[in-house]
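Next come the chains, spelled out residue by residue.
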Amino acid sequence: MRREELGNLAMFLAVAEERSFTKAAAKLGISQSALSHTMRRLEAKLGLRLLTRTTRSVAPTEAGERLIATLRPALEEIDAKLASLTELRERPAGTVRITSSAHAARAVLWPVIDRLTAENPDINVEVSIESGLVDIVSGRFDAGVRLGERLDQDMIAVPISPKLRMAAFAAPGYLERHGTPQTPYDLAKHNCISLRMATSGGLYAWEFERDGKELKVKTEGQLVFNDADMIVAAALAGRGIAFTVEGHVDRHFASGALVRVLEDWCEPFDGYYLYYPSRRQPSPAFSLVLEALRYRT
């Protein structure tokens, strides 16, 4: 295969993954018209329609899907081999792409990445903040960050944080007006600030545990957000009781702006893990990031 043909196939994969000529062209650093012309030329050479185009979207045809299934692992293997060549350098180099939740990125990833990239100027790290679960293979990420209980079985997972705890909390003024819940069942009497899950679209059921007894509570209230910072802001405004990872609100507990409730019902649980496909050969840059993030008790 000629080098030009390999480049055209890589362009096709970019269009198929982005589902947009505009986004793919920006990603590839070429003009949209040049990309469109290349795709038409590729389809003409193969004698097959690879992409279905409308005014609003682009989607692969059946032939396109089959080509994607062949191309993706092959190009990933090429990427891995090219990355392995950096072992011949005196210093690790390359780009590492990670998808993560906002809290994990701020609390766990950033302190390590800040130090690591300062010490290794040839390593680039891209962190994509996502509120829902992401397929790291189709998204072409090197790794993702998830809680231990949400890991896929076919992934290699490395702990990168200690155990975490959830926290239920409210502003002092709210508790003065409405009382303090003594058990999770008492939440039915309160205005609770809920979280809309990005992946499922449903409301998060608050999870409690005490003395080995697990309890999930479906709360109700006036306010629903899909962002933890907005949930905390609403609680600070005295709008109800909220529930999130305690790391989001530690400083507000310390200042007295928020008061923790039902603390004896919030047991520690598995923290964050960095996960990546077992079949992928880690690059030297990725191995360095992985070891820097690895949590050691």
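Draft legend 1. Region of the structure containing the packing of aromatic side chains. Here the structure, examined in full by the defined rule, presents five aromatic pairs. Each ring, one from W206 and one from F243, has its centre 5.0 Å from the other, and the planes form 15°; the classification is stacked. Taken together, the positions of W206 in strand β9 (residues 206-210) and F243 in strand β12 (residues 242-245) put the pair 37 residues apart, joining distant regions of the chain. As far as burial versus exposure is concerned, W206 and F243 are alike and both buried. The interplanar angle of 75° and the centroid separation of 5.0 Å between the aromatic rings of Y276 and F286 together place this pair among those described as edge-to-face.

Draft legend 2. Up close: the nonpolar core. Core analysis: the biggest nonpolar cluster contains 44 residues, and F208 and L274 have the highest contact counts within it. If one sorts the elements of this core by residue count, helix α5 (residues 102-119) sits on top with seven residues. Discounting residues that sit within four places of it in the chain, F208 has contacts with P184, L187, K213, E214, L215, V217, F243, L262, W265 and C266. Of all hydrophobic cores here, the second largest spans 20 residues; its members include V15, L35, L42 and I68.

Draft legend 3. Representation of the packing of helix α2 (residues 21-28) against helix α3 (residues 32-46) in the model. Where α2 contacts α3, the axes come no closer than 9 Å and their chain directions differ by 105°. Between α2 and α3, the interaxial angle falls into the category roughly perpendicular. Touching F21, T22, A24, A25 and L28 of α2 are Q32, L35, S36 and M39, all from α3. Grouping the constituent residues of the contact of α2 with α3 by class yields six nonpolar, three polar and no charged.

So, how was this worked out
- Residues numbered from 1 in each chain as written.
- Predicted model: local features only at pLDDT ≥ 70, side-chain atom pairs only at ≥ 80, totals over all residues.
- Heavy atoms only, no water.
- Phe/Tyr/Trp six-rings, centres within 6.5 Å; stacked < 30°, edge-to-face > 60°.
- Helix = DSSP H or I, 4+ residues; strand = E, 2+ residues; numbered from the N terminus.
- Buried < 20%, exposed > 50% of the residue type's maximum accessible area, 1.4 Å probe, protein only.
- Core = buried A, V, L, I, M, F, W, Y, C linked by side-chain atoms within 4.5 Å.
- Contact = heavy atoms within 4.5 Å.
- Axes fitted to C-alpha atoms, helices over the stretch in contact; angles between N-to-C directions.
- Parallel < 35°, antiparallel > 145°, perpendicular 65-115°, else oblique.
- Nonpolar A, V, L, I, M, F, W, Y, C, P; charged D, E, K, R; others polar.

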